[in-house]
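# Inside the fold
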Amino acid sequence: MSKTLVIAEKPSVAQDIVRALTPVAGKFDKHEDHFENEQYVVTSAVGHLVEIQAPEEFDVKRGKWSFANLPVIPPRFDLKPVDKTKARLNAVVKQAKRKDVTALINACDAGREGELIFRLIEQYAGGSKPLGKPVQRLWLQSMTPQAIRDGFQHLRSDAQMQGLAHAARSRSEADWLVGINGTRAMTAFNSRDGGFFLTTVGRVQTPTLSLVVEREEKIRKFISRDYWEIHANFAAQAGDYPGKWFDPQWKKSDDPELRADRVWTQQQAQAIADAARGQSARVSEESKPTTQASGLLFDLTSLQREANGKFGFSAKTTLALAQSLYERHKALTYPRTDSRALPEDYVPVAQQTFAMLAASGMAHLAPHAQTALNNGYIRPTKRIFDNSKVSDHFAIIPTLQAPGELSEAEQKLYDLVVRRFMAVFFPSAEYLVTTRISTVQHAGTEHHFKTEGKVLVKPGWLAIYGKEAAGEVPDAKEGDKGQSLVPVQPGEQPRAQQVEPKPLKTRPPARYSEATLLGAMESAGKQVEDESMRQAMQEKGLGTPATRAAIIEGLLTEKYMLREGREIIPTAKAFQLMTLLRGLDVKELARADLTGEWEYKLAQMEKGQLSRETFMAEIAAMTERMVKKAKEYDRDTIPGDYATLHAPCPNCGGVVKENYRRYACVGKAGAEPCGFSFGKSPAGRTFEPPEAEALLADKKIGPLEGFRSKAGWPFTAEIALTYDDEAHNYKLEFDFGDDKNAADTGELVDFAGQESLGACPQCGAAVYEHGSNYVCSHAVATTAQPAATCNFKSGKIILQQPVEREQMHKLLTTGKTDLLDKFVSMRTRRAFKAHLAWDAAAGKVNFEFAPSKFPPRKTAGGAPDSGAGSARTTGATATKSLKSAAKTTAKAATKPAAKKAKAASPGKQPSAALAAVIGAEPVAHTEVIKKVWDYVKAQGLQDASNKRAINADALLLPVFGKPQITMFELAGIVGKHLA
């Protein structure tokens, strides 16, 4: 009997489809990778299982990128499995190739990306020839069982989806061509002087970065101006009210900083204040009612912006939460939407949703839902129900299914959507807005003061928000605009009791937050002049709602931008890229109209109005032009706005200036430059100007992350300026912390002025920073101790992981650091997570891995695998010797993990005094510190005035030997009580 294969985008959706179909299609049997009954086989991808690649003969491996191999414009694209999901791909393909499977249903997410995921899987399954099985499309807006069953009753034909399929493939291939060729061309250009300076560009990411850089350029060039406002306080019979001076004759000009209420000299401001003070005012007043409607329903971008502003959620976090509420909890409709309206036939569903909310146990929402039902608020209006504003998907609203148990973050986001959904149906809020003009006269001159009051008459939709309503009404936060004014009687002349000038400064534009950057990406069409392109951009903007979060995260990952609090700040690498694109005249990569043109043409393709071949030919031509401009650029530097450093040249004391590639000495006034310079981007990491200043001033900086070797591998290192006797000048060198002989130089070390990080776990002496290591004060020669008696030492950088002071302090006081996540294996080049822990048995700092969720692997003989992996999986402490903790080359990391695994220590016997505190069982050194510390906290023995001091009670006094110790002494003292 023939069957139909249903391919969903994610396993959870496949399960939902099975649950929805079971009542109408019969029970499904569950198999390892699919569900099956007599009619359907249901399986799923896990996102993208296949990606496009150039054919082998066109592929150029990283590290060999050069202009000789560019541009790469293959005549076709091959497919390759995504490495992490090969097993899942094979399982899906196996079902697609079954002889009894005669038709396919694409049940991936409804949209361009879901279409692409399915089409690439189908193509891969067919191999060299098409799979040849008919295809239909399941188009879901909601994940409730009834919505899924309705979707199966209205499947779309393959012919209906061809336009979307062509647009999906074209978008993917065009992004590949621009991204690969642009990235390789800019990387080749920046790597001309040696090394590997990865410079990524992309059709959407680079214009987005351009927005952030241009905003930062405006901030840096902004020159603040002083101005004054004149604030008065008027005394009326009913009470006081404030007023602010303004010029009623003022007219707008081209200068946006000029305002009716600003005065530009202190003398004028003081003169107005002195003239008005103590005078009686003539009052005129105008009151008029006004209304304010709620915001529109959410699309993904507006939801991300709102959640960022209210809760500080990143766009990525909001998308993940919304996706969970859609897939897992079935509580929200499809989130990856760019529509803020509902279909016109959705009024009954909206009424049912209000009924569900009214009957739910959500006490903060149910009464408002019932109010809407009682008063007939759910009515068809074009503001809410408009087919012309619904594209592939409609706005994000709650489903008919009340959610189960939600996490705190999920609950916050669900409430945000539900409140907005209800608010859009409620009446507008009604206000009475009063504008009062108080005019005083002095020496024949009139001075006018404005006061604005806003009184809420009927809350309307604001009732849904309660105390949070102020956050929904911008005016309510602006002081006098949100206040209720005291009345003034007809003919009354209030007196200006206090009138003072207030000095202020003009402010530069604010930096982008994630919320405002999302808004800028959405409205990037404002930069586009062509009307037809602007229309496409109004719908699409830079990227799509589904991809904008990933674009921002990608720019952060590539260190083009940094988050500081809620602000997003471009790095020196970002400025360097924009300087390069402008200098090479490759402006199309940094302009919003590139995306506008593409989105307009892709929209035409979806409608069958533009051929795929025409579009791809245009993309290939643009790619060739872009590479040609970079390849043929023959000047020494790129013109740009470069900095002059304050720190002098270390060689001659001259001025150091920035150019495109280097920071170079230009000499003292009237003198020739001495030849000193250093690259701006050593090993592909660009210096921020403050970092370059610090390097010049201190001749050393770090450890810094983000460097890349010639083969493209990331690494962490310190950088130093060292004097080269042969060149008679300073040069830049990497310092990897490999100073194994630093403690054996024989020179006396002075730790005076340094704060100890804690007690040495070997001998109890104080541990300090020394060079590239943390060392015991007894491990080096000092004035107090000419000969070393201890060998404790641990590197500040271990396998590319910087070990901060606070982490070393934690290791010394508790036995191990937090879980650190930036170690990189020298053998596999893979990142891994581990604690650094003191291993008393081995007498050194070792790795300690978190227990794994997975059971230990079995060897051929049936015993668990004895490598480091099995130590992790059994939950035992797995340790890899660091050899010397100062060495970042870590030869031990290249040896088999099994040779490095240490047997778990049986522990040491506590003394009688210590046993009275922690018990008499044998215990490891790291565990005894934790037990003692738990006892200290439980008994409240931390000193109230000095949290670093521990007071001894009757049980601890025999252990400490004195009434009080510092936490830095704890490890050493306790060690003496273990045998």
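Residues numbered from 1 in each chain as written. Predicted model: local features only at pLDDT ≥ 70, side-chain atom pairs only at ≥ 80, totals over all residues. Heavy atoms only, no water.

### Examining a nonpolar patch on the surface
Judged by side-chain polarity, Leu-432, Val-455 and Val-457 come together as a nonpolar surface patch covering roughly 220 Å² of accessible area. Along the chain, Val-457 turns up in strand β14 (residues 445–458). (Patch = residues over 30% accessible without salt bridge, like charges linked within 9 Å, V, L, I, M, F, W, Y side chains within 5 Å. Areas by Shrake-Rupley, 256 points an atom, 1.4 Å probe, with all protein chains shown as cover. Salt bridge = Lys/Arg side-chain N within 4 Å of Asp/Glu carboxyl O. Helix = DSSP H or I, 4+ residues; strand = E, 2+ residues; numbered from the N terminus.)

### A look at the side chain of Glu-229
Along the chain, the position of Glu-229 falls in strand β10 (residues 226–236). Judged by relative accessible area, which is 10%, Glu-229 ranks as buried. Within the structure, the side chain of Glu-229 is placed 2.9 Å from the side chain of His-231, a separation counted as a polar contact. In this structure, Glu-229 is in contact with Lys-244, Asp-261, Glu-500, Pro-501, Lys-502 and Leu-504, ignoring residues within four places of it in sequence. (Buried < 20%, exposed > 50% of the residue type's maximum accessible area, 1.4 Å probe, protein only. Polar contact = N/O pair within 3.5 Å; in protein donor to acceptor, adjacent residues only side chain to side chain. Contact = heavy atoms within 4.5 Å.)

### A look at the packing of helix α3 (residues 112–126) against helix α5 (residues 158–190)
For the pair α3 and α5, the least separation of the axes is 9 Å and the interaxial angle reads 90 degrees. Here α5 runs roughly perpendicular to α3, going by the angle between their axes. Of α5, the residues touching α3 (which contributes Arg-112, Glu-113, Glu-115, Leu-116, Arg-119, Leu-120 and Gln-123) are Asp-158, Met-161, Gln-162, Leu-164, Ala-165, Ala-167, Ala-168, Arg-169, Arg-171 and Ser-172. Split into classes, the residues belonging to the contact of α3 with α5 amount to seven nonpolar, three polar and seven charged. (Axes fitted to C-alpha atoms, helices over the stretch in contact; angles between N-to-C directions. Parallel < 35°, antiparallel > 145°, perpendicular 65-115°, else oblique. Nonpolar A, V, L, I, M, F, W, Y, C, P; charged D, E, K, R; others polar.)

### Concerning the pairing of strand β7 (residues 101–107)
Within β7, six of the seven residues are buried, which leaves it mostly tucked inside the rest of the structure. Sheet topology places strand β1 (residues 3–8) next to β7; six bridges connect them, and they run parallel. Considered in β7, the bridge of Ala-8 is made with Ala-107. Pairing of β7 with strand β8 (residues 135–137), which is carried by three bridges, proceeds in the parallel orientation. Its bridge partner lying in β8, Ile-105 is registered against Gln-136. Handedness of the β-α-β unit built from β7, α3 and β8 comes out right-handed. (Pairing = 2+ DSSP bridges. Right-handed = clockwise from strand over helix to strand, strands pointing away.)

### A short note on helix α11 (residues 366–374)
Among the residues of α11, Ala-366, His-368, Ala-369 and Ala-372 are the ones counted as buried. Down the axis of α11, the smallest arc covering the buried residues is 165 degrees, so these residues share one side. Those residues of α11 that are buried lie in contact with α10 (347–359) and α12 (408–423). (Arc of directions from axis to C-beta.)

### A closer look at the environment of Val-82
Take Val-82: it is sitting in the loop between β6 (78–81) and α2 (86–96). Each C-alpha atom of the pair Val-82 and Leu-49 lies 5.3 Å from the other, and the pair is 33 residues apart in sequence. With residues near it in sequence (within four places) discarded, Val-82 still touches His-48, Leu-49, Val-50 and Glu-51.

### Describing helix α16 (residues 548–557)
For α16, the buried fraction is high: seven of the ten residues fall into the buried class. Of all the positions in α16, only Arg-548, Ala-549, Ile-551, Ile-552, Glu-553, Leu-555 and Leu-556 are classed as buried. Remark: Lys-559 follows α16 within two positions and exhibits a positive phi of approximately 60 degrees.

### Thoughts on unusual backbone geometry
The omega torsion across Leu-70 and Pro-71 is 0 degrees, close enough to zero to call that bond cis. Along the chain, Pro-71 falls in the loop between β5 (50–53) and β6. The backbone of Asp-585 shows a phi angle near 60 degrees, a positive value even though the residue is not glycine. Counting through the fold element by element, Asp-585 comes out in the loop between α17 (572–583) and α18 (592–606). A relative accessible area of 39% means that Asp-585 is categorised as partly exposed.

### Details of the nonpolar core
Within the largest apolar cluster, 83 residues are counted, with the highest numbers of intra-cluster contacts made by Met-186, Leu-209, Met-561, Leu-584 and Phe-615. Ranked by the residues each element gives to this core, the list is headed by α5, at ten residues. What Phe-615 contacts, discounting residues up to four positions off in sequence, is Ser-170, Ala-174, Trp-598, Lys-601, Leu-602, Met-605 and Leu-610. Formed by 52 residues, the second largest nonpolar core is a distinct cluster that contains Leu-321, Ile-384, Ile-396 and Met-422. (Core = buried A, V, L, I, M, F, W, Y, C linked by side-chain atoms within 4.5 Å.)

### Some remarks on the sheet that holds strand β26 (residues 773–776)
In space, the four strands of this open sheet follow the order β24-β25-β26-β27, with antiparallel pairing throughout. Whereas interior strands pair on both sides, the edge strands pair on one side only; in this sheet they are β24 (758–759) and β27 (793–795).

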